[in-house]
Amino acid sequence: MQCELCGKNVDTLRYVIIDGARMAVCENCAKLGIPAPPPAEKRLQEVSLKRRMSKIDEKIFQSMNRVLVPDWAERIKEGRIKKGWTREELSAKVGEPVNAIAKMENGDLRPSDETAKKLEKLLGITLFQEVKEIEAVSSSSSERRGLTIGDLIKLEKEKGMK
Ligand SMILES: [Zn+2]
């Protein structure tokens with residue numbers, strides 16, 4: 001390697017700044033300047049350890065809920081009448097007291113899931129509906145948007161209106 005100042009061949013070059021210019025010089029010439037850091041080597045690009053934003057920025061939680069239809073009372077009554085059964089007959093088939101059937105038809109007594117299933121089969125009606133509960137949670141903001149079961153039932157009811 002050659003000193004850039006005096007042209008002398010040396011094993012090791014010193015990096016100095018002479019008159020504002022960076023030079024690779026021999027040991028002797030190095031005294032004329034001020035030490036400078038070696039030329040910038042191509043540094044390995046630092047691998048950023050920055051945690052990447054999760055790809056799942058927005059999580060959507062879904063859950064299915066089986067709920068009784070809002071007009072279950074009417075459906076039970078209509079179903080029974082269509083079958084041409086009396087309350088007593090239905091009562092015997094379902095295994096519920098007559099006054100319980102009467103209350104169900106009036107909407108005063110909510111049938112248990114078990115009873116509702118029996119009624120569905122016996123009367124050939126649908127008493128359950130599946131509602132989707134969707135909640136979108138955005139991690140970038142605290143916005144929360146959710147449809148409650150109540151909202152969905154309301155929508156269903158409005159759709160069903162003639
Ligand atoms: Zn030199």
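It should be noted that the structure appears before, not after, this text.
An account of the accompanying structure is given in this report. (Residues numbered from 1 in each chain as written. Predicted model: local features only at pLDDT ≥ 70, side-chain atom pairs only at ≥ 80, totals over all residues.)

Quick look at the overall build of the chain now. Across its full length, the chain carries six helices and six strands. The secondary structure elements of the chain, listed N-terminal to C-terminal, are β-β-α-β-β-α-α-α-α-β-β-α. Counting only residues that meet the buried cut, the chain has 15% of its 162 residues in that class. Across the chain, every contact between residues at least 6 apart in sequence was considered, and the portion connecting residues at least 24 apart equals 45%. (Helix = DSSP H or I, 4+ residues; strand = E, 2+ residues; numbered from the N terminus. Buried ≥ 20, exposed ≤ 12 C-beta atoms within 10 Å, placed from the backbone. Contact = placed C-beta atoms within 7 Å.)

Bringing the sheet that holds strand 3 (residues 34–35) into the picture now. One open sheet holds the three strands; their spatial order is 2-1-3, and the pairing between them is antiparallel. The sheet is open, and its two edges are formed by strand 2 (21–25) and strand 3, each paired on a single side. The pairing of strand 1 (residues 14–18) with strand 3 spans two bridges and is antiparallel. Bridged to Ile17 within strand 3 is Ile34. (Pairing = 2+ DSSP bridges.)

Right, let's talk about helix 4 (residues 98–106) for a bit. Since the α-helix advances by 3.6 residues per turn, residues separated by three or four positions end up pointing in the same direction. Ile101, Met104 and Glu105 are the residues of helix 4 that are buried. Buried residues of helix 4, viewed axially, fall in a sector of 95°; they line one side. The exposed set on the far side of helix 4, more than 90 degrees from its buried face, consists of Asn99 and Asn106. On the buried face of helix 4, the contacting elements are helix 2 (72–83) and helix 3 (87–94). Once helix 4 finishes, Gly107 follows within two positions and takes phi at roughly 80°, a positive value. (Arc of directions from axis to C-beta.)

Trp72, Ala73, Ile76, Leu90, Val94, Ile101, Met104, Ala116, Leu119, Leu123 and Leu127 form the largest nonpolar core, which has 11 residues in total. Broken down by secondary-structure element, the contributors of at least two residues to this core are helix 2, helix 3, helix 4 and helix 5 (113–123). Contact partners of Ile76, with chain neighbours within four places excluded, come to Met104, Glu105, Leu119 and Leu123. (Core = buried A, V, L, I, M, F, W, Y, C linked by C-beta atoms within 7 Å.)

Below, the discussion takes up the pairing of strand 2. Note: strand 1 against strand 2, five bridges, orientation antiparallel. Bridge pairing in strand 2 places Ile17 opposite Arg22.

Bringing the packing of helix 2 against helix 4 into the picture now. The description of two packed helices rests on the angle between their axes and on the distance between the axes. For the pair helix 2 and helix 4, interaxial distance at closest approach is 6 Å and the crossing angle is 120°. Between helix 2 and helix 4, the angle falls in the class oblique. Each of Ala73, Ile76 and Lys77 in helix 2 lies in contact with helix 4, whose residues at this interface are Met104, Glu105 and Asn106. (Axes fitted to C-alpha atoms, helices over the stretch in contact; angles between N-to-C directions. Parallel < 35°, antiparallel > 145°, perpendicular 65-115°, else oblique.)

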